[in-house]
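Reading the structure
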Amino acid sequence: MLLIPGTALALTADYRISPDGSAYQGSVELVNASQYSFAETGLLGERLPVQVSNVTLLGKCFPPPCTFTWSDRFTISFPEGNYTLQFVAPLRQNTLVAAFPEPYTVVVRLPPGFDVRNYLIGSMSAGARVTEATDGSLTVTWNATRSAELRFYNEDRVTMLALFGQFWIVIAIVLLLPFLFSRRMRQ
């Protein structure tokens, strides 16, 4: 998912992946902002709107939360100021992509049962630092980045990778044995 702020400048962005991996809760700090758009980048670089829910705008408003209006289905507008924007968005194919116009600190928190460290089935964009908590959850952090991409997986994917690898090892052995036996007979 790509989140592109309209005129907002986020200092930090924090994303928490849900326990089932189907969605995430985002929290983005906005400075001198008056609007924010929820969008992702398509295959050709075009902006595609993203359906979000539970949008909350926090700041120096009384009574909290702050009010905002939807400019269109995927952009919110509010009085210019400093805010924290919270929302929930769906994930597709266990992948989270966030892009920003300025360098941000991005933190992604994965619950126990998910991982990103096996590069055959998971990935992280450059500059990521992974720390593991005692409960098995992971925190992936990027400092001063304009984009962060993360593809995570669960234990089922690790099992499928192991089975796939074993299958190809067996195929290789079956194909090599006749060749090795024929060489031995020639000698």
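Residues numbered from 1 in each chain as written. Predicted model: local features only at pLDDT ≥ 70, side-chain atom pairs only at ≥ 80, totals over all residues. Heavy atoms only, no water.

**Re the overall build of the protein**
To keep it simple, the criterion reads: Strands here are runs of E lasting at least two residues and helices are runs of H or I lasting at least four, both read from the DSSP assignment and numbered beginning at the N terminus. C-alpha atoms define the radius of gyration, and 2.2 Å times the number of residues to the power 0.38 defines the globule rule. What makes two residues a contact is simply this: any of their non-hydrogen atoms within 4.5 Å. Methods summary: accessible areas were calculated by the Shrake-Rupley approach with a probe of 1.4 Å, and residue burial reflects only the protein chains presented.
What the protein contains, in helices and strands, is one helix and 13 strands. For the protein, the C-alpha radius of gyration of 22 Å lies well beyond 16 Å, the compact-globule estimate for 187 residues. Counting only C-alpha atoms, the protein reaches 90 × 40 × 25 Å along its principal axes. Of the contacts made within the protein by residues no fewer than 6 positions apart, 69% connect residues no fewer than 24 positions apart. Of the roughly 11300 Å² of accessible surface on the protein, 59% is carried by carbon and sulfur atoms.

**Re the nonpolar core**
The condition that has to hold: Nine residue types can take part in a nonpolar core, namely buried Ala, Val, Leu, Ile, Met, Phe, Trp, Tyr and Cys, and a core is a set of them joined through side-chain atoms within 4.5 Å. Buried means the residue's accessible area, taken with a 1.4 Å probe over protein chains only, is under 20% of the maximum for its type, while exposed means over 50%, and partly exposed covers the values in between.
In this structure, Tyr15, Leu85, Phe87 and Leu110 are the most contacted members of the largest nonpolar core, which totals 37 residues. Listed by contribution, the elements that provide at least two residues to this core are strand 2 (12–17), strand 3 (23–41), strand 5 (53–58), strand 7 (75–90), strand 8 (95–110) and strand 12 (138–151). If sequence neighbours within four positions are ignored, Leu110 has contacts with Ile17, Val116, Ser137, Leu138, Val140, Leu150 and Phe152.

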